Amino acid sequence: MIKTVGIMGGMGPLATVDLMNKIIRLTPAQNDQEHIHLIVDNYPQIPDRTSAIMGKGNDPLPYMKQSAKTLEKAGADLIVIACNTAHYYLQDIQDTIQVPIINMPNETARFIDEVGLKCVALLATDGTVKTMLYQKSLRERGLDVLLPDEITQAKIMEGIYAVKAGDIAKGKSLLIHASQIMIEKGAEAVIAGCTEIPIVLSDAEEISVIDPTHILAKQVVDIANQEHVLYKDFETDRKGAKN
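Now for a quick tour of the structure. Numbering of residues starts from 1 in each chain and follows the order in which that chain's sequence is written. In view of the model being predicted, local features appear only for residues whose pLDDT reaches at least 70, and side-chain atom pairs are presented and counted only at 80 or more, with totals across whole chains, interfaces and linings using the full set of residues. Hydrogen atoms and water are omitted, and side-chain values are computed over all heavy atoms in the structure.

Notes on helix H8 (residues 150-164)
Keep this limit in mind: To qualify as a helix, a DSSP run of H or I must reach at least 4 residues; to qualify as a strand, a run of E must reach at least 2; elements of each kind are numbered from the N terminus. In a helix, the anticipated span is given by 1.5 Å times the number of residues less one. For every residue, the accessible area obtained with a 1.4 Å probe (protein chains only) is divided by the maximum for its type, and the residue is called buried under 20%, exposed over 50%, and partly exposed between those limits. Each polar contact in these results corresponds to two N or O atoms within 3.5 Å; when the atoms are within protein, one needs to be able to donate a hydrogen and the other to accept it, and residues that are neighboring in sequence are counted only if both atoms are side-chain atoms.
Taking 1.5 Å per residue as the helical rise, H8 with its 15 residues ought to reach 21 Å, and the 21 Å between its terminal C-alpha atoms agrees with that figure. Those residues of H8 that sit buried are Thr152, Gln153, Ile156, Met157, Gly159, Ile160, Ala162 and Val163. Measuring from the side-chain oxygen of the N-cap residue of H8 to the backbone nitrogen of Ile151 gives 3.2 Å; that N-cap residue is Asp149. Count one or two residues on from H8 and you reach Gly166, which has phi positive near 90°.

Written out as structure tokens, the structure reads:
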């Protein structure tokens with residue numbers, strides 16, 4: 001039974017708090033005791049995932065393995081990662097622990113397919129785009145994925161790092177502009193494929209935004225409330241991935 005959820009966080013800290021906030025708000029609790037027990041490892045010293053993937057930075061994997069083991073040892077029955085790009089390392093992390101990790105990009109692709117969208121744009125880090133974390137899952141479902149051009153992608157990265165640095169206004173301006181460009185190119189919606197992006201993007205700007213953080217939070221709540229069904233499914237998926 002799922003009783004305790006571990007959050008591998010710090011990538012970045014604001015994104016971690018955003019995930020926690022969404023889990024809390026989505027939980028149908030009438031009092032403190034009905035909320036989900038969360039153990040959060042807010043570990044901002046984990047090296048930058050995109051820099052590593054692009055061959056320009058230190059390897060974050062040992063740090064993430066350490067974080068996962070810390071959460072498991074602390075009593076987590078399930079782990080989620082508050083960073084999209086970090087999911088590139090998910091299988092290597094999963095191989096070091098016994099409790100399952102939810103795959104946020106896969107859950108997002110499933111959601112997009114279920115709601116009937118056919119063409120979406122991906123706003124994400126260079127690392128997430130390069131490793132095709134979203135493109136693969138979406139295209140397997142027959143969905144079209146639009147990617148930003150080089151100039152727009154550079155602005156997306158600038159916006160993401162502005163949010164990480166606390167410059168919310170700059171990050172919001174850059175990311176709204178990038179979203180508008182992708183909508184004009186034919187996307188029905190944009191995937192906020194970096195956990196900093198949902199912090200500054202919303203439907204208030206008349207942009208249809210798919211928020212993987214929200215999807216992940218909803219999945220956590222559903223599993224916590226229906227553990228006898230969903231946890232078994234995740235455990236089966238985890239074992240299958242390792243075979």
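A closer look at helix H11 (residues 212-225)
A rise of 1.5 Å per residue sets the reference length of H11, with its 14 residues, at 20 Å; its end C-alpha atoms lie 20 Å apart and thus fit the reference within 8%. Across the 14 residues of H11, eleven count as buried, placing the element largely inside the fold. Every buried residue of H11 is accounted for by Pro212, Thr213, Ile215, Leu216, Ala217, Gln219, Val220, Val221, Asp222, Ile223 and Ala224. For H11, the N-terminal cap is Asp211; the gap from its side-chain oxygen to the backbone nitrogen of Thr213 is 2.9 Å.

Topic: the state of the cysteines
Heads up, the condition is: The disulfide definition used here is simple: a pair of cysteine sulfur atoms within 2.5 Å.
The final tally for this structure, using the stated rule, is zero disulfides. Free of any disulfide, Cys83 has its nearest neighbouring cysteine sulfur in Cys194, separated by 6.6 Å. The buried category is assigned to Cys83, whose relative accessible area is 5%.

Some words on the pattern of salt bridges
Heads up, the condition is: Salt bridges are defined as contacts in which a side-chain nitrogen from Lys or Arg sits within 4 Å of a carboxyl oxygen from Asp or Glu.
Under the definition given, this model contains eight salt bridges. A salt bridge links Lys185 to Asp149, with the nearest nitrogen and oxygen atoms 3.4 Å apart. With Lys185 in the loop between helix H9 (168-184) and strand E6 (189-192) and Asp149 in the loop between strand E5 (144-146) and H8, the pair connects residues that are 36 residues apart, well separated along the chain. Overlapping salt bridges, with partners in common, bring together Asp18, Lys22 and Asp211 in one network.

Thoughts on the side chain of Thr85
To keep things clear, this is the line we draw: Should any heavy atoms of two residues lie within 4.5 Å, those residues are considered in contact.
Locating Thr85 in the fold gives a position in the loop between strand E3 (78-81) and helix H4 (90-94). Its relative accessible area of 3% is what places Thr85 among the buried residues. A distance of 2.7 Å separates the side chain of Thr85 from the side chain of Thr128, its partner in a polar contact. Filtering out sequence-adjacent residues up to four positions away, Thr85 remains in contact with Arg49, Thr50, Ile53, Thr125, Gly127, Thr128 and Leu133.

Description of the packing of helix H1 (residues 13-26) against H11
This is how it is decided: Note on geometry: axes are C-alpha line fits, over the in-contact stretch for helices, and angles between N-to-C directions span 0 to 180 degrees. Any angle that falls under 35 degrees is termed roughly parallel, while one over 145 is termed roughly antiparallel, one within 65 to 115 roughly perpendicular, and all others oblique. Should the near helix be turned anticlockwise from the far one by less than a right angle, the crossing is left-handed, and should it be turned clockwise, the crossing is right-handed. Under the scheme applied here, ten amino acids are nonpolar (Ala, Val, Leu, Ile, Met, Phe, Trp, Tyr, Cys and Pro), four are charged (Asp, Glu, Lys and Arg), and all others, including Gly, are polar.
Across the interface, H1 lies against H11 with an axial gap of 9 Å and an inter-helix angle of 50°. Here H1 lies oblique to H11, going by the angle between them. In this structure, H1 crosses over H11, and the sense of that crossing is right-handed. The residues of H11 that touch H1, namely those facing Asp18, Leu19, Lys22, Ile23 and Leu26, are Thr213, His214, Leu216, Ala217, Lys218, Val220 and Val221. By residue class, the composition of the contact of H1 with H11 is seven nonpolar, two polar and three charged.

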